[in-house]
Amino acid sequence: MTPESLQRLAEHAPYEEQAAVFASIVLRNESVRTVLERLAALDGLPPWYLTAGSLFQTVWNAVAGREDLQAGIRDHDLFFFDEDTSWEAEDLVIKRCLAAVEDLGVELEPRNQARVHLWYPEKWGKEIAPYRDLPHAISSFAATSCCVGLSLDSASKLDVHSTHGFADLFRLVLRPNPLTVAPQAVYDAKAERWMAEWPQLTKLPWAEPTASA
């Protein structure tokens, strides 16, 4: 897809078509595709999505015309949702996921989203409500383009999620997420780093969240 065709897609195509194009672009990133396949092969994992940077930054690389779709990608965020909010239960899942990809040379960051509210105040100085489920957790990122997820099951069925659709992502627009739990400082810092790597991005000014994530 060319930047022009993605622009047209963002303006006119229905969500399902945009989601299919999003998935096709992201799966061209061999690292993302292999991580998905390794996770799908694990029996008994709680519900999960690969989310955030490794997905939206793959799209940015494609729109920017880069041959290396892994350029600038630091890690792979893995969100899972386990109602057992003990650290011991989370640690078991983390270790299984890390072991599944240890030979790939990738940085995988699995986290149980059901227990984020337990450590978020100490890390970020702000109380947040418990996330209800994975879509709720994915909806909390600082920018709208970040709020995307992919999951793969053992039958190779792909599940695509996006809180805000794909228009901002395809247009390389950084827009503050009205549902975010993150403060402005997080949005500004991430935007600065991203724009240094992808200067084609357009950053919109911060606006205070209008609703709780």
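It should be emphasised that the depicted structure is a prediction, and the values quoted were computed from it without experimental measurement.

What counts as what
Residues numbered from 1 in each chain as written. Predicted model: local features only at pLDDT ≥ 70, side-chain atom pairs only at ≥ 80, totals over all residues. Heavy atoms only, no water. Helix = DSSP H or I, 4+ residues; strand = E, 2+ residues; numbered from the N terminus. Rg over C-alpha atoms; globule rule 2.2 N^0.38 Å. Buried < 20%, exposed > 50% of the residue type's maximum accessible area, 1.4 Å probe, protein only. Pairing = 2+ DSSP bridges. Axes fitted to C-alpha atoms, helices over the stretch in contact; angles between N-to-C directions. Phe/Tyr/Trp six-rings, centres within 6.5 Å; stacked < 30°, edge-to-face > 60°. Contact = heavy atoms within 4.5 Å. Core = buried A, V, L, I, M, F, W, Y, C linked by side-chain atoms within 4.5 Å. Expected span 1.5 Å × (residues − 1). Arc of directions from axis to C-beta.

A.B. asks: Any chance you could explain the overall build of the protein chain here in plain terms?
C.D. replies: Secondary structure summary: the protein chain contains nine helices and seven strands in total. Relative to the 2.2 N^0.38 estimate, which gives 17 Å for 213 residues, the radius of gyration of the protein chain is 17 Å and therefore close to what a compact globule would have. A principal-axis box enclosing the C-alpha atoms of the protein chain has dimensions of 50 × 40 × 30 Å. Taken over 213 residues, the protein chain has a buried fraction of 51%.

A.B. asks: Explain the sheet that holds strand β2 (residues 76-80) to me, please; I cannot follow it from the model alone.
C.D. replies: The strands making up a sheet associate through backbone hydrogen bonding, with each pair oriented either parallel or antiparallel. Across the sheet, five strands lie side by side as β3-β2-β1-β4-β5; this open sheet has mixed pairing. A single partner strand is all that each edge strand has here, and the edge strands are β3 (108-112) and β5 (158-162). Averaged over neighbouring strand pairs, the angle between their axes works out to 25 degrees when direction is ignored. Both β2 and β3 contribute to a ladder of five bridges, which runs parallel.

A.B. asks: Just to check I follow, could you spell out the packing of aromatic side chains for this structure?
C.D. replies: Two aromatic rings are characterised by how far apart their centres lie and by the angle between their planes. With the rule as written, the count across this model stands at eleven aromatic pairs. A ring pair is formed by Phe56 and Trp60, whose centres lie 4.8 Å apart and whose planes are at 65 degrees; its orientation type is edge-to-face. A residue pair is termed a helical-turn pair when its members lie 3 or 4 positions apart in one helix, as Phe56 and Trp60 do in helix α4 (residues 53-63) at four residues. Ring centres of Trp60 and Trp194 lie 5.5 Å apart, and the angle between their planes is 70 degrees; this geometry places the pair in the edge-to-face category. Taken together, the residues span a long stretch of sequence, with Trp60 in helix α4 and Trp194 in helix α9 (residues 184-197) at a distance of 134 residues. Exposure remark for Trp60: the relative accessible area of 1% places this residue in the buried category. Three or more aromatic residues link up through ring pairs in this structure, and these residues are Tyr15, Phe22, Phe166 and Phe170.

A.B. asks: Looking at this structure, how should I read the environment of Leu152?
C.D. replies: Assignment of secondary structure puts Leu152 in strand β4 (residues 148-152). Here Leu152 falls in the buried class, since its relative accessible area comes to 14%. In contact with Leu152, not counting residues within four places along its chain, are Leu36, Glu37, Ala40, Trp48, Lys157 and Leu158.

A.B. asks: Looking at this model, I keep getting lost on the nonpolar core. Mind explaining?
C.D. replies: In a soluble, globular protein the nonpolar side chains are often hidden away together inside. Core analysis: the largest hydrophobic core is formed by 67 residues, its most contacted members being Phe22, Trp60, Phe170 and Trp194. Sequence-distant contacts of Trp60, that is, excluding residues within four places in its chain, are made with Leu169, Leu172, Leu174, Trp194, Trp198 and Leu201.

A.B. asks: What should I look at first to understand α9 in this one?
C.D. replies: One full turn of an α-helix is made of 3.6 residues, so residues set three or four places apart face in the same direction. In a regular helix each residue adds 1.5 Å, so 14 residues correspond to 20 Å; α9 covers 20 Å between its end C-alpha atoms and thus fits that length. Taken as a whole, α9 has its buried residues at Val186, Tyr187, Ala191 and Trp194. Down the axis of α9, the buried set is contained in an arc of 125 degrees. They therefore lie on one face. In α9, the exposed residues that point more than 90 degrees away from the buried face are Ala185, Glu192 and Ala196. On its buried side, α9 packs onto α4, α6 (116-124), β6 (173-174) and β7 (202-203).

A.B. asks: Would you take a moment to explain the side chain of Asp75 for this structure?
C.D. replies: Along the chain, Asp75 turns up in the loop between α4 and β2. Each residue touching Asp75, except ones within four places of it in the same chain, is listed here: Ser54, Glu107 and Glu109.

A.B. asks: Even after reading the chapter, I still don't get helix α1 (residues 3-12), so can you show me in this structure?
C.D. replies: Buried residues of α1: Ser5, Leu6, Leu9 and Ala10, and no others. Down the axis, α1 shows its buried residues gathered within 140 degrees of arc, on one side only. In α1, the exposed positions angled more than 90 degrees off the buried face are occupied by Glu4, Arg8 and His12. Residues of α1 that are buried in the fold lie against α2 (15-26), α4 and α8 (167-170).

None of the figures reported here should be taken as evidence of function without further support.
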